[in-house]
Amino acid sequence: MILILHADTDKDGAEYRQLMDFLSNLKNIQSRVHDEKGTQQVLTEIYLVGDTASLVIEEMESLPCVERVVRVSEEYRVLGRHQDDVRPTHFEYNGVRFGQDNLNIFAGLCAVDTPEHVEQMMKALKEHGQQCTRMGAYKPRTNPYSFQGHGKSCLPYVFELAGKYDIKVIAMEVTHDKHVTEIHEALEQTGHPTGVMLQIGTRNTQNFELLKSIGRDPDLPVLLKRGFGITLEESLNAAEYLASEGNRRVVFGLRGMKTNMGDPHRNFIDFAHVPVVQRLTRMPVCIDPSHSVGTRECTPEGILDVFHVTAQGVIAGANMVLVDFHPAPSKALVDGPQALHMNELGYFFDDIRIAREAYEKRLALAEAHRLAILPPQPDPHLSVDKL
Ligand code: PEP
Ligand code: MN
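It should be emphasised that the depicted structure is a prediction, and the values quoted were computed from it without experimental measurement.

**Q** Looking at this structure, I do not really get the overall build of the protein. What am I missing?
**A** Looking only at helices and strands, the protein has 11 helices and 15 strands in total. Taken over C-alpha atoms, the radius of gyration comes to 23 Å for the protein, in line with the 21 Å a tight globule of 387 residues would show. By its C-alpha atoms, the protein is 75 × 60 × 40 Å across when sized along the principal axes. Counting across all 387 residues of the protein, residues that qualify as buried make up 50%. Taking contacts inside the protein between residues at least 6 apart in sequence as the whole, the part at least 24 apart equals 71%. With the model as given, the accessible surface of the protein reaches about 18,800 Å², and the carbon-plus-sulfur share is 52%. Taking the 40 positively charged and 53 negatively charged side chains of the protein as two groups, their mean positions are separated by 3 Å.

Shown next as structure tokens:
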């Protein structure tokens, strides 16, 4: 059960003390307090865990400081959507809104290689009015002899160039706690010219110790990718690990699944799960067309499969697109063959715009039908015998 307190509840006040005294006397129930610091106000939520079935919602709602009570199921307590749950489905980070109702595009380098390529990428993004990008400094590779990423040595120039071109958020994969420390240090050292969304890749979706330690760092939001060989439920529970430790600014990433059925793509595309994740949880949902398709194959009409699957995810309501571009794909140190080319950047954004507009029209159509099928309301001015 979650008790949502009135905004800006005074933790030193008598009412709050009264509430906490009451909760501490409940048998077999532990409470955990979580503060959600927004730009305008602090929202406090109290999670009651244990034998909560006997608690009556109305009674709990009448306790001092309590504005609303939500009874949660066992599944995805913090990030899930529960009955009568009006908790937000968005968050803000470094001036950018991430929500189930909007769309951000993170086009960028799979792996940082040279400062020149980073600069060309950032400059092109600014020219197209973008404020987010992807930049890999730590690369988990299948082959131990492959390039593993420049690591912390590239962070200062990546962050400074992001600042120079007004990039507000960089999605950057980490595979170890110490990478997070290095990112914090480099942000500090360069004067916070940009923000970082920590990416947990598909190979680490169930690295519970990594999830727990990143969960305890509420400063940076997280993009958690679905595990490529586990169930959706297992991946959503992995996201819940982050939230249960305190970091709720989590975006869930779909990036395709491994199958052994002779797929035409690097992974089996799972973007039909965009609305499923939005229905089950409050997380914005990201699609990664690059790592799921893995090639530059195109249809006879000349549309790349990467464009096709992006459109499929966006028309289904995706909230974030993570996509590989490279100024010189033949020189890329990681994933060059799947990278889109710089002269395709504007075309890619235009194609996404078409799909997003179609999604918005679909929403309006669904709303019109929902209103049309509501049962007719009885007219209070007509008495039964006049009908
Ligand atoms: C990536 O985005 O660079 C990446 C390695 O993705 P994934 O974890 O989905 O393979
Ligand atoms: Mn890659």
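**Q** Any chance you could explain the packing of helix α6 (residues 208-215) against helix α7 (residues 232-244) here in plain terms?
**A** In a packed pair of helices, the relevant descriptors are the angle between the two axes and the axis-to-axis distance. The geometry of α6 relative to α7 is characterised by a closest axis approach of 7 Å and an angle of 40 degrees between their N-to-C directions. Helix-helix and strand crossings are classified by hand; for α6 and α7 the assignment is right-handed. Residue-level inspection shows Phe-208, Leu-211, Lys-212, Ile-214 and Gly-215 of α6 in contact with α7, the latter providing Ala-238, Tyr-241 and Leu-242. Grouping the amino acids of the contact of α6 with α7 by side-chain chemistry returns 6 nonpolar, 1 polar and 1 charged.

**Q** Just to check I follow, could you spell out the coordination of the manganese ion (ligand 2) for this structure?
**A** Tetrahedral coordination by four donors sets the ideal angle at the metal to 109.5 degrees; octahedral coordination by six donors sets it to 90 or 180 degrees. Coordination sphere of the manganese ion (ligand 2), protein contribution only: Cys-110 (SG), His-291 (NE2) and Asp-335 (OD), at 1.9 to 2.3 Å. Counting the intervening residues between successive donors of the manganese ion (ligand 2) yields the motif C-x180-H-x43-D. With Cys-110 in the loop between β7 (104-108) and α3 (115-127) and His-291 in helix α9 (residues 289-293), the pair connects residues that are 181 residues apart, well separated along the chain. Since its relative accessible area comes to 5%, Cys-110 is described here as buried.

**Q** Honestly, the site of ligand 1 in this entry has me stumped. Any pointers?
**A** In the vicinity of ligand 1, the contacting residues are Cys-110, Arg-134, Lys-139, Glu-173, Gln-199, Gly-201, Thr-202, Arg-203, Lys-225, Arg-255, Asp-288 and His-291. In the environment of ligand 1, an oxygen atom lies 2.8 Å from a nitrogen or oxygen atom belonging to the backbone of Thr-202. Its residues placed into classes, the shell around ligand 1 shows 1 nonpolar, 4 polar and 7 charged.

**Q** Which parts of the structure should I look at to understand the packing of aromatic side chains?
**A** Two descriptors summarise a pair of aromatic rings, namely the distance from one centre to the other and the angle between the planes of the rings. Counting across every chain of the model gives 7 aromatic pairs. Look at Phe-348 and Phe-349: their rings are 6.4 Å apart centre to centre, the planes differ by 55 degrees, and that puts the pair in the tilted class. With relative accessibility at 4%, the residue Phe-349 sits in the buried group. The ring of Phe-228 carries the charged tip of Lys-258 above its face, separated from the ring centre by 4.8 Å.

**Q** Sorry, what's going on with unusual backbone geometry here?
**A** Peptide bonds are mostly trans, and most non-glycine residues show a negative phi. Phi is positive for Asp-166, which is not a glycine, with a value near 60 degrees. Position of Asp-166 relative to the elements: it lies in the loop between α4 (155-164) and β9 (169-173). With a phi close to 55 degrees, Asp-335 is a non-glycine residue in the positive phi region. Within the secondary structure layout, Asp-335 lies in the loop between β14 (320-326) and β15 (340-341).

**Q** Explain the sheet that holds strand β3 (residues 42-50) here, please?
**A** Each strand in a sheet pairs with another by means of backbone hydrogen bonds, the pair being arranged parallel or else antiparallel. Here we have 4 strands laid out as an open sheet, ordered β2-β3-β1-β4, and antiparallel in their pairing. Strands with a single pairing partner mark the edges of an open sheet, and in this sheet they are β2 (29-37) and β4 (66-70). Looking at each pair of strands side by side, their axes are set apart by 20 degrees on average, direction ignored. Pairing analysis gives 9 bridges linking β2 to β3, with the strands arranged antiparallel. For Lys-37, the partnering residue across the bridge sits in β3 and is Val-42.

**Q** Got a minute to help me understand helix α10 (residues 305-315) in this structure?
**A** Among the residues of α10, Asp-305, Val-306, Phe-307, Val-309, Thr-310, Gly-313 and Val-314 are the ones counted as buried. Buried-residue contacts for α10 involve α8 (274-280), β13 (285-287), α9, β14, β15 and α11 (345-372). Trailing α10 by a residue or two, Gly-317 shows a phi angle of about 105 degrees, which is positive.

**Q** For this particular structure, what's the right way to read the side chain of Ser-292?
**A** Mapping Ser-292 onto the fold places it in helix α9. The class of Ser-292 is buried, set by a relative accessible area of 0%. Within polar-contact distance, the side chain of Ser-292 engages the backbone oxygen of Pro-289 at 3.3 Å. In contact with Ser-292, not counting residues within four places along its chain, are Arg-255, Gly-256, His-265, Arg-266, Asn-267, Ile-269 and Phe-271.

Cut-offs applied
- The written sequence of each chain sets the order in which its residues are numbered from 1.
- For naming, the first written chain is A and the first written ligand is 1, with later ones following in the order written.
- In view of the model being predicted, local features appear only for residues whose pLDDT reaches at least 70, and side-chain atom pairs are presented and counted only at 80 or more, with totals across whole chains, interfaces and linings using the full set of residues.
- Only hydrogens and water are set aside when side-chain values are computed; all heavy atoms of the structure are taken into account.
- By the criteria applied, helices consist of DSSP H or I runs no shorter than four residues and strands consist of E runs no shorter than two, each listed in order from the N terminus.
- Here the globule rule reads 2.2 Å times residues to the power 0.38, and the radius of gyration is calculated from C-alpha atoms.
- Buried means the residue's accessible area, taken with a 1.4 Å probe over protein chains only, is under 20% of the maximum for its type, while exposed means over 50%, and partly exposed covers the values in between.
- For this analysis, residues touch if any pair of their heavy atoms sits within 4.5 Å.
- Residue burial considers only the protein chains on display, and all accessible areas are found by Shrake-Rupley using a 1.4 Å probe.
- Here the positive residues are Lys and Arg and the negative ones are Asp and Glu; neither His nor the chain ends is included.
- Charge coordinates come from a single atom per side chain, which is NZ of Lys, CZ of Arg, CG of Asp or CD of Glu.
- Axis angles are defined between N-to-C directions and span 0 to 180 degrees, where every axis is a line fitted to C-alpha atoms and, for a helix, only to the segment in contact.
- By the definition used in this description, the sense in which the near helix is turned from the far one sets the handedness, with an anticlockwise turn below a right angle giving left-handed and a clockwise turn giving right-handed.
- Note on residue classes: Ala, Val, Leu, Ile, Met, Phe, Trp, Tyr, Cys and Pro are nonpolar, Asp, Glu, Lys and Arg are charged, and everything else, Gly too, is polar.
- Distances define the donors: N, O and S atoms within 2.8 Å of the metal qualify, as do those within 3.2 Å of Na, K or Ca. Water is excluded, so some sites may look unfinished.
- If even one non-hydrogen atom of a residue comes within 4 Å of a molecule or strand, that residue is called near it.
- Pairs of N or O atoms are called polar contacts if they sit within 3.5 Å, as long as, within protein, a hydrogen donor faces a hydrogen acceptor (for residues adjacent in sequence, only side-chain-to-side-chain pairs).
- Each aromatic pair joins two rings of Phe, Tyr and Trp (for Trp, the six-membered one) with centres within 6.5 Å, and gets the label stacked for planes under 30 degrees apart, edge-to-face for over 60, and tilted for any other angle.
- Note on criteria: charge over ring means Lys NZ or Arg CZ within 6 Å of the ring centre, with the direction from the centre no more than 35 degrees off the ring normal.
- Two strands make a pair as long as DSSP finds a minimum of two bridges between them.

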